[in-house]
Amino acid sequence: MKRQSICRSIFGALAVLFISSCSLEEPTFKGIENVQMGKMGVKESTFTMDLHYFNPNRSGLKLKKAEGDAWMDGDYLGHFTMDTLINISGNSDFLLPVKFKAEMALLLKNSMSAMLGKESLLKVEGKARVGKSGIYIRYPIRYEGKHNLGELLK
C-alpha cells in the first residue's frame, strides 16, 4: 500500500516537473468580444465577455480555471473568473468566456476615456490551471498594454 502511494507521488512530481519544464509562449491578446451586461448595481455590476487570444504554441492545452484582477490606468476595475473547461488547439485563435465584476465608479470614469478614443493602460494579473492529459499546473496570468478601449470592444 505504501509502495503504491510512494510511486504515485514520484510519478506526480515527475509529471509536474515535465510540464513545468516545457516552455510555453504567452498567448497573444487580440481583443474583447461579445460583452453583455449581467446584473447592474450602483456599486458593482457583472458582465460576461469573451477574451480573444491566439495560441502561438504548436501543442494544444486545456484551460480548466482562471481568475484574477484588472486595472486601468492604475485604478482597480474589478475581478474576473472563468470556470469552464476550454480546449485550446495549437497555433489557433481561441475565446475565453469570463465573468467580470466591476466597480461602477471606476468603470464609469474609464468609459469616458473610451468614448474620447484615449489610450489607456490595461493591466491584468491572475492565475490559471492549464494542463494536458489530466495533469494541471498553475500558470500565472500577467498582461500589461496600452489600448484604445473603443477599439477593443468592437
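Residues numbered from 1 in each chain as written. Predicted model: local features only at pLDDT ≥ 70, side-chain atom pairs only at ≥ 80, totals over all residues. Heavy atoms only, no water.

### With respect to a positive patch on the surface
So, point 1. Taken together, the side chains of Lys64, Lys65, Lys127, Arg129 and Arg138 make up a positively charged region of the molecular surface.
So, point 2. Residue assignment for the positive patch shows that the elements contributing at least two residues are strand S3 (61–72) and strand S7 (119–132).
So, point 3. Locating Arg129 in the fold gives a position in strand S7.
So, point 4. Given the relative accessible area of 31%, Arg129 is considered partly exposed. (Patch = residues over 30% accessible without salt bridge, like charges linked within 9 Å, V, L, I, M, F, W, Y side chains within 5 Å. Areas by Shrake-Rupley, 256 points an atom, 1.4 Å probe, with all protein chains shown as cover. Salt bridge = Lys/Arg side-chain N within 4 Å of Asp/Glu carboxyl O. Lys, Arg positive; Asp, Glu negative; His and termini not counted. Charge placed at Lys NZ, Arg CZ, Asp CG, Glu CD. Helix = DSSP H or I, 4+ residues; strand = E, 2+ residues; numbered from the N terminus. Buried < 20%, exposed > 50% of the residue type's maximum accessible area, 1.4 Å probe, protein only.)

### Comments concerning the pattern of salt bridges
Side chains that differ in sign of charge can pair as their charged atoms come close.
So, point 1. Taken as a whole and assessed by the stated rule, the structure comprises 2 salt bridges.
So, point 2. Close ionic contact of Glu125 with Lys123 constitutes a salt bridge, the shortest N to O distance being 3.4 Å.
So, point 3. Take Lys123: its relative accessible area is 29%, and that puts it in the partly exposed class.

### Overview of unusual backbone geometry
So, point 1. Of note, Asn91 is a non-glycine position whose phi angle comes to about 50°, a positive value.
So, point 2. Mapping Asn91 onto the fold places it in the loop between strand S5 (86–88) and strand S6 (92–103).
So, point 3. By relative accessible area, which is 44% here, Asn91 ends up partly exposed.
So, point 4. With a phi close to 55°, Ser133 is a non-glycine residue in the positive phi region.
So, point 5. Relative to the helices and strands, Ser133 is located in the loop between S7 and strand S8 (135–148).
So, point 6. A residue is classified by how much of its surface remains accessible, and Ser133, at 71% relative accessible area, is exposed.

### Remarks on the environment of Phe47
So, point 1. Topologically, Phe47 is positioned in strand S2 (residues 44–55).
So, point 2. Along the chain, Phe47 and Val98 lie 51 residues apart, while their C-alpha atoms are 8.3 Å from each other.
So, point 3. Setting aside its immediate chain neighbours within four residues, Phe47 contacts Val35, Gln36, Met37, Gly38, Val98, Lys99, Phe100, Ala102 and Leu107. (Contact = heavy atoms within 4.5 Å.)

### Re the packing of aromatic side chains
By convention here, two paired aromatic rings are described through the distance between centres and the angle between planes.
So, point 1. Counted under the stated rule, the structure contains 4 aromatic pairs.
So, point 2. Here Phe29 and Tyr53 contribute two aromatic rings whose centre-to-centre distance is 5.5 Å and whose plane-to-plane angle is 65°, an arrangement assigned as edge-to-face. With Phe29 in strand S1 (residues 28–37) and Tyr53 in strand S2, this residue pair connects regions lying 24 residues apart in the sequence.
So, point 3. The class of Phe29 is buried, set by a relative accessible area of 16%. (Phe/Tyr/Trp six-rings, centres within 6.5 Å; stacked < 30°, edge-to-face > 60°.)

### Remarks on the confidence of the model for the chain
So, point 1. Summary statistics for the chain give a mean pLDDT of 79 and a share of 77% for residues scoring 70 or more.
So, point 2. Confidence drops under pLDDT 50 across residues 12–21; counting only partners more than four residues distant or on other chains, this segment forms 5 contacts. (pLDDT = per-residue confidence, 0-100.)

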